[in-house]
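# Residue-level structural notes
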Amino acid sequence: MCHNLKCYLMEYILHMNRKRLIALIILPTILFIICISVFASNFKNIGIMAFSKEVNQTRELKEQYVFEKSWGSEGVAKGQFKIPHSLAVDIFGNVYVTDTGNNRVEKFSSNGTLLKQWGSQGTGDGQFNQLHDIAVDPSGNFVYTVELVNHRVQKFFNNGTFITKWGFNDTGGAGADRKPHQLAVDHLGDVFLTDRAGSEVLRFNDYGKFLERWGTNGSGSKQFIKPHGIAIDATDHLYITDMGNSRVQIFSNNGTFVKKWGTYGTSNGQFSDGIPGIAVDSKGFIYVVDRLQSRIQKFDDTGKLISMWGSKGSSLGELNKPEDIGINDKTGEVFVTDTKNSRIQVFDLKAKILN
């Protein structure tokens, strides 16, 4: 025990040093605990925001399509397919399929019952070589086909009776070197084809008289790189899959550019460079087939994604290199050529099937 001033001073100094030491230990610990608490709170908020964003995205895609039925298998017998490439659905709900490997058209009811078939390999009227696409006019009376090797359009009655045919030599531009891939028919009966060789759209009347063409190669509006799928809505607007640009372009039937949307990618609403098929329903919704991603995407007329479904595989509801799509406007059913699986698959809104 100290009894002089010097001792008191020494004890005071030691006491103050102990306080400083304690402060040096405790204060950083307190600061560390505070930082951890703030970080945890922020992390929790970020997690909640991410989860909310994911939920909102799911809610935005409120329409869910599910597998309803399918028909077909690989083969040459009636009702079988060898590379079912394209299809068309008429106003009665009948489904016309290009059975490309068997060089024939097969016509089914909407439940898959075979109604009619016609065609064989050759160059004669009603014969086919690399039958690529098919379309039905709005009245449901006439059927049009396009072939890659025979390089022509053929027109039939809906029972398969041949009417007429025409080629592309008098169309200017790429002329005889054209590679028309898909076709569609408007309410006037005019026939529109996408031409990949000329990066153009060709227009004919219903007996093959060439009327006009538009488009050039490129990435601007009204330009194309590998134009492929084509569909026409109730107001005769044309919807074209511009495959090389991974987008959809919309035109009036006189070729006036209206709008476009789409970018390359695998995210929701994006496209690969393999989007061969497109369809428009009576309400104006657009359906696009992505062959490389084995999925279907549905958009409104502004390009907003409404629904999406499909994955690669061979099980029911799965797709393998799908090529084309059609809509039954009476029922809302969606028909898809599941090409590599040699079948037609049908999808419908989940709520309808559950009810």
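### Concerning the overall build of the chain
Along the backbone of the chain there are 2 helices and 26 strands. Relative to its 355 residues, the chain shows a buried fraction of 48%. For the chain, long-range pairs separated by at least 24 residues make up 46% of all intrachain contacts whose partners lie at least 6 apart in sequence. Roughly 17200 Å² of accessible area belongs to the chain as shown, and the carbon and sulfur atoms make up 56% of that amount.

### Some remarks on the nonpolar core
Of all hydrophobic cores here, the largest spans 15 residues; its most connected members are Val248, Trp261, Phe271, Ile278, Ile286 and Val288. Mapped onto this core, the elements with two or more residues apiece are strand S18 (247-251), strand S20 (277-280) and strand S21 (286-290). Ignoring any residue separated from it by four or fewer positions in sequence, one finds valine 288 in contact with Thr241, Val248, Phe271, Ile275, Gly277, Ile278, Arg295, Ile296, Gln297 and Phe299.

### Some remarks on unusual backbone geometry
The phi torsion at isoleucine 83 lies on the positive side, around 65°, for a residue other than glycine. We classify isoleucine 83 as partly exposed; its relative accessible area is 43%. Residue glutamine 130 is not a glycine yet carries a positive backbone phi of 55°. One can find glutamine 130 in the loop between strand S5 (114-118) and strand S6 (131-136). Residue class for glutamine 130 comes out partly exposed when judged on its relative accessible area of 41%.

### Description of the pairing of S21
Among the 5 residues in S21, 5 count as buried, and that is most of the element. With burial as the criterion, each face of S21 is covered, one bearing Ile286, Val288 and Asp290 and the other bearing Tyr287 and Val289. Where S20 and S21 come together, 4 bridges link them in antiparallel fashion. By the bridge assignment for S21, alanine 279 is matched with tyrosine 287. From the end of S20 to the start of S21, which pair antiparallel, there are 5 residues, and glycine 284 there has a positive phi angle of about 90°. Judged from the 5 bridges that link them, S21 and strand S22 (residues 295-299) form a sheet pairing that is antiparallel. Within S22, the residue paired with aspartate 290 across the bridge is arginine 295. Joining the antiparallel neighbours S21 and S22 is a turn of 4 residues, in which serine 294 adopts a positive phi near 50°.

### Let's talk about the sheet that holds strand S19 (residues 257-261)
Spatially, 4 strands are ordered S16-S17-S18-S19 in an open sheet, and the strand pairing comes out antiparallel. With one partner strand each, in any of the chains shown, strand S16 (227-232) and S19 form the two edges of the open sheet. In this sheet, neighbouring strand axes are inclined to one another by 20° on average, regardless of whether the strands run parallel or antiparallel. One ladder, built from 4 bridges, connects S16 with strand S17 (residues 238-242); its direction is antiparallel. Within S17, the position partnered with alanine 231 by the bridge is tyrosine 239.

### Some thoughts on the confidence of the model for the chain
A low pLDDT score tells you not to read the predicted coordinates there in detail. Of all residues in the chain, 81% have pLDDT values of 70 or greater, and the mean over the chain is 87. Here residues 38-59 is modelled with pLDDT under 50, and outside its nearest four sequence neighbours on either side it reaches 0 contacts, counting other chains as well.

### Some details on the packing of aromatic side chains
Following the criterion strictly, the structure yields 20 aromatic pairs and no others. Ring centres 5.9 Å apart and planes at 75° place the aromatic pair phenylalanine 251 and phenylalanine 257 in the edge-to-face group. Positioned above the aromatic ring of phenylalanine 142, the side-chain terminus of lysine 155 is 4.5 Å from the ring centre. One Lys or Arg, lysine 298, reaches over the ring of phenylalanine 285 and ends 4.6 Å from the middle of that ring.

### So, the environment of aspartate 233
Take aspartate 233: it is sitting in the loop between S16 and S17. The class of aspartate 233 is buried, set by a relative accessible area of 11%. Once the C-alpha coordinates of aspartate 233 and isoleucine 286 are considered, the two residues, 53 residues apart in sequence, prove to be 9.3 Å apart. In terms of polar contacts, aspartate 233 uses its side chain to reach the backbone amide nitrogen of threonine 235, at 2.9 Å.

Criteria and cut-off values
- Residues numbered from 1 in each chain as written.
- Predicted model: local features only at pLDDT ≥ 70, side-chain atom pairs only at ≥ 80, totals over all residues.
- Heavy atoms only, no water.
- Helix = DSSP H or I, 4+ residues; strand = E, 2+ residues; numbered from the N terminus.
- Buried < 20%, exposed > 50% of the residue type's maximum accessible area, 1.4 Å probe, protein only.
- Contact = heavy atoms within 4.5 Å.
- Areas by Shrake-Rupley, 256 points an atom, 1.4 Å probe, with all protein chains shown as cover.
- Core = buried A, V, L, I, M, F, W, Y, C linked by side-chain atoms within 4.5 Å.
- Pairing = 2+ DSSP bridges.
- Axes fitted to C-alpha atoms, helices over the stretch in contact; angles between N-to-C directions.
- pLDDT = per-residue confidence, 0-100.
- Phe/Tyr/Trp six-rings, centres within 6.5 Å; stacked < 30°, edge-to-face > 60°.
- Lys NZ or Arg CZ within 6 Å of the ring centre and 35° of its normal.
- Polar contact = N/O pair within 3.5 Å; in protein donor to acceptor, adjacent residues only side chain to side chain.

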